[in-house]
Amino acid sequence: MISLLIRDLRIATRAGGGAGLGLAFFLMVVILVPLGVGPETQLLARIAPGILWVGALLACLLTLDRIFALDFEDGTLDALVCAPVPLSGVVLVKSIAHWLVTGLPLTLISPLLGVLLNLPAEGYLWLMASLLPGTLSLSVIGAFGAALTVGVRRGGLLLSLLVLPLYVPTLVFGAECASSLMNFKDPLAPFIFLIVITLGALAFLPMAGAAALRANLR
Amino acid sequence: MSNPNDTSNDLPRGGLRVENLTCTRGGVPVLRGVSFKLSPGVAVLLRGPNGVGKTTLLRTIAGLQPPLRGSIEMNGAIAWAGHADAIKGTLSVSENLRFWASVHGVGRRGISATLDHAIESFYLGDLTTRPAQSLSAGQKRRLGLARLCVTGAEIWALDEPTVSLDADSVTLFADAVRAHCAAGGSALIATHIDPGIEAATLDLQPYSTRGDLNDAPSGGDEDDDETPLGDDVFLSEGSL
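Residues numbered from 1 in each chain as written. Chains lettered and ligands numbered in written order. Predicted model: local features only at pLDDT ≥ 70, side-chain atom pairs only at ≥ 80, totals over all residues. Heavy atoms only, no water.

A.B. asks: Just to check I follow, could you spell out the overall build of chain B for this structure?
C.D. replies: Secondary structure summary: chain B contains five helices and nine strands in total. Listed N to C, the secondary structure of chain B is β-β-β-α-β-β-α-α-α-β-α-β-β-β in terms of helices and strands. Counting over 240 residues, chain B shows a buried share of 55%. Within the structure as shown, chain B displays about 10200 Å² of accessible surface, and the carbon and sulfur contribution to it stands at 48%. (Helix = DSSP H or I, 4+ residues; strand = E, 2+ residues; numbered from the N terminus. Buried < 20%, exposed > 50% of the residue type's maximum accessible area, 1.4 Å probe, protein only. Areas by Shrake-Rupley, 256 points an atom, 1.4 Å probe, with all protein chains shown as cover.)

A.B. asks: Hey, could you run me through the packing of aromatic side chains in this one?
C.D. replies: Two descriptors summarise a pair of aromatic rings, namely the distance from one centre to the other and the angle between the planes of the rings. Residue and element names in this part refer to chain A. Under the criterion given, the structure shown has three aromatic pairs over all chains. Plain terms: the ring middles of Trp-126 and Phe-191 are 5.5 Å apart, the flat faces sit at 75 degrees to each other, and that makes the pair edge-to-face. In this pair, Trp-126 is assigned in helix 8 (residues 123-148) and Phe-191 in helix 10 (residues 188-217), connecting sequence segments 65 residues apart. Trp-126 sits in the buried class, given a relative accessible area of 19%. A centroid spacing of 4.7 Å and a plane angle of 5 degrees characterise the contact between Phe-173 and Phe-193, whose relative ring orientation is stacked. You can see Phe-173 sitting in helix 9 (residues 156-179) and its partner Phe-193 sitting in helix 10, a full 20 residues away along the chain. (Phe/Tyr/Trp six-rings, centres within 6.5 Å; stacked < 30°, edge-to-face > 60°.)

A.B. asks: Would you explain helix 7 (residues 103-116) of chain A in this entry?
C.D. replies: In an α-helix, one turn spans 3.6 residues; hence positions three or four apart end up facing the same way. Residue and element names in this part refer to chain A. Taking 1.5 Å as the rise per residue, helix 7 with 14 residues should run 20 Å; its terminal C-alpha atoms sit 19 Å apart, in good agreement. Remark: the principal bend of helix 7, roughly 45 degrees, maps to Ser-110, with a proline, Pro-111, within the next four residues. Gly-103, Leu-106, Thr-107, Ser-110, Pro-111, Leu-113 and Gly-114 are the residues of helix 7 that are buried. Residues of helix 7 that are buried sit in contact with helix 2 (19-37), helix 3 (41-63), helix 6 (87-101) and helix 8. A positive phi of about 60 degrees marks Asn-118, the residue just after helix 7. (Expected span 1.5 Å × (residues − 1). Bend = angle between axes of the 7 residues up to and from the residue. Contact = heavy atoms within 4.5 Å.)

A.B. asks: Looking at this structure, I do not really get the interface of chain B and chain A. What am I missing?
C.D. replies: Quoted interface sizes are often the accessible area lost when the parts come together. The partner chain A presents 23 residues to the 22 residues of chain B that form the contact. Here chain B and chain A share four salt bridges between them. Salt-bridge contacts for Asp-71 of chain A lead to Lys-88 of chain B; the nearest nitrogen and oxygen are separated by 2.6 Å. At the boundary of chain B and chain A, one finds six residue pairs in polar contact (both at pLDDT 80 or more). Secondary structure elements with two or more residues in the side of chain B that touches chain A: helix 1 (54-62), strand 5 (78-81) and helix 2 (93-103) of chain B. With five residues, helix 2 of chain B is the largest single contributor of residues to the side of chain B that touches chain A. Taken together, the residues that form the side of chain B that touches chain A break down as 12 nonpolar, five polar and five charged. (Salt bridge = Lys/Arg side-chain N within 4 Å of Asp/Glu carboxyl O. Polar contact = N/O pair within 3.5 Å; in protein donor to acceptor, adjacent residues only side chain to side chain. Nonpolar A, V, L, I, M, F, W, Y, C, P; charged D, E, K, R; others polar.)

A.B. asks: Just checking my understanding: could you explain the side chain of Ser-169 of chain B for this structure?
C.D. replies: Within the secondary structure layout, Ser-169 of chain B lies in helix 5 (residues 167-182). At 2.6 Å, the side chain of Ser-169 of chain B forms a polar contact with the side chain of Asp-166 of chain B.

A.B. asks: Got a minute to help me understand the domain arrangement of chain B in this structure?
C.D. replies: All names here are of chain B. Under the domain assignment, chain B is made up of domain 1 (1-77 + 154-240) and domain 2 (87-152). At the interface, 13 residues of domain 1 touch 11 residues of domain 2. Between domain 1 and domain 2 lies a buried interface of about 970 Å² when both sides are counted; carbon and sulfur atoms form 70% of it. The three residues of domain 1 that bury the most area against domain 2 are Trp-156, Ser-164 and Leu-172, which together make up 45% of that side's buried surface. Taken together, the connections running from domain 1 to domain 2 amount to zero salt bridges. Scanning the region where domain 1 abuts domain 2 turns up one residue pair in polar contact (both at pLDDT 80 or more). Looking at the side of domain 1 that touches domain 2, the elements with two or more residues in it are strand 6 (155-159) and helix 5. When residues in the side of domain 1 that touches domain 2 are grouped by element, the largest group, four residues, is from helix 5. (Domains from an automatic or database assignment. Buried area = accessible area lost by both parts, 1.4 Å probe.)

A.B. asks: What is the right way to read the pattern of salt bridges from this model?
C.D. replies: A side chain with one charge can pair with a side chain of the opposite charge if their charged atoms come near. Residue and element names in this part refer to chain A. Under the criterion given, the structure shown has 14 salt bridges over all chains. Between Lys-185 and Glu-176 there is a salt bridge whose closest N-O contact spans 3.0 Å. Overall, the relative accessible area of 31% leaves Glu-176 in the partly exposed class.

A.B. asks: For this particular structure, what's the right way to read unusual backbone geometry?
C.D. replies: Outside of glycine, negative phi angles account for most residues, and trans bonds account for most peptide bonds. Within the chain, Asn-118 of chain A stands out as a residue other than glycine whose phi angle is a positive 60 degrees. The topology assignment puts Asn-118 of chain A in the loop between helix 7 and helix 8. Phi at Ala-86 of chain B takes a positive value of approximately 60 degrees, unusual for a residue other than glycine. Overall, the relative accessible area of 2% leaves Ala-86 of chain B in the buried class.

A.B. asks: Help me understand the packing of helix 3 of chain A against helix 7 of chain A in this model?
C.D. replies: Relative orientation and spacing of two packed helices are given, respectively, by the angle between their axes and the distance between those axes. Residue and element names in this part refer to chain A. Remark: helix 3 packs on helix 7, axes separated minimally by 11 Å, with the N-to-C direction vectors making an angle of 145 degrees. Our pair here, helix 3 against helix 7, has a crossing hand that is right-handed. On helix 7, the residues touching Leu-52, Ala-56 and Ala-59 of helix 3 are Leu-106, Ser-110, Leu-113 and Gly-114. Class assignment for the residues of the contact of helix 3 with helix 7 results in five nonpolar, two polar and no charged. (Axes fitted to C-alpha atoms, helices over the stretch in contact; angles between N-to-C directions. Left-handed = near helix turned anticlockwise from the far one by under 90°.)

A.B. asks: Any chance you could explain the environment of Ile-6 of chain A here in plain terms?
C.D. replies: For Ile-6 of chain A, the position within the fold is in helix 1 (residues 2-13). Along the sequence, Ile-6 of chain A and Leu-57 of chain A sit 51 residues apart, while their C-alpha atoms lie 25 Å from each other.

This is the structure in structure tokens:
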């Protein structure tokens, strides 16, 4: 299992691995929004948590189809199914690897981009606190979606359509959590919901993803 | 349908028994009533024209798809090598092999000996640090076959393993299969050429459900479980 994680991270960080793709996309979205909205600092501060969350979600979505498609094409997935490792564990490890190269760096860089969007300083902590588990649940849910569409040629559109509705709760509670301090609300309640969603996704979706993979390999 | 990992039977380690198997491709049955037994130390070549269902049978036995009917019992682990080599282009030759060895539970201590053995068996010694994407098609195939050596699985299910191999490499492959069988393993090999292995042959054509592939149609009744070659084809050392 650990060797699978190491291998996935190694592949992602080598040339053409696409580790920087999600991060670069996130940066572009967040940098372009202030240019588009204009120099209205009050407005920017109000929409900053939402922009950061939507950017994170889209960056995650952009890199989802790599989770299984490449392994499917070169036969690795077939060999992994035959190998003496639980397939749900494979799905879990691959979603965590996806999070480590997409969600985690994106969370770490988000305060920097908060400055760009004039996010009040007290909001940084909750922004990061919401993005950290939130992006993990995005990766796990996304891996399930990727497992469902693994055999489909050019399945990117189908994958997006499948996964976007599943992303809505995470986005709602995540953005709510990140922005509630500015709206003088308690960020703890949405944060707990976010944790519950993440834990639920971690508990059930790897198994569902494994079942989807088996069905798709037939 | 039986559990493929069921070991509570009389099969020896590395043995495989297939009984009255019906397997499907794309929802359509292609082979019906396949029964045979594979003993340890034996390699079997699966023969038959294109589309008869060699790959389908191997995928079913490897557990990649469920059988429509019948049972597959085996004692031991199975390793699958299909048309794709399961090799990552950005990883080096030894990184690829090391990954597959650890996935198959080769411990940290035994791993370098296992790797050395696999690399030596397929003459990959000069290529170990090269990224796999810079290998030629034949070298990639050799790496894909070397992967089998590091899995430690008793039963090999190989689909067209000699594609894009030159004559010398086919000899290497035959030696590897021989060594595997000598160590008590068994192998099922779908192939169109003669790899030069002392192996039994299983012709799949009589089991085909397709009339155009079947020279002598055998009844054609849906529920007819009779096989043209009798109840059971035993493939063991005695039949060689």
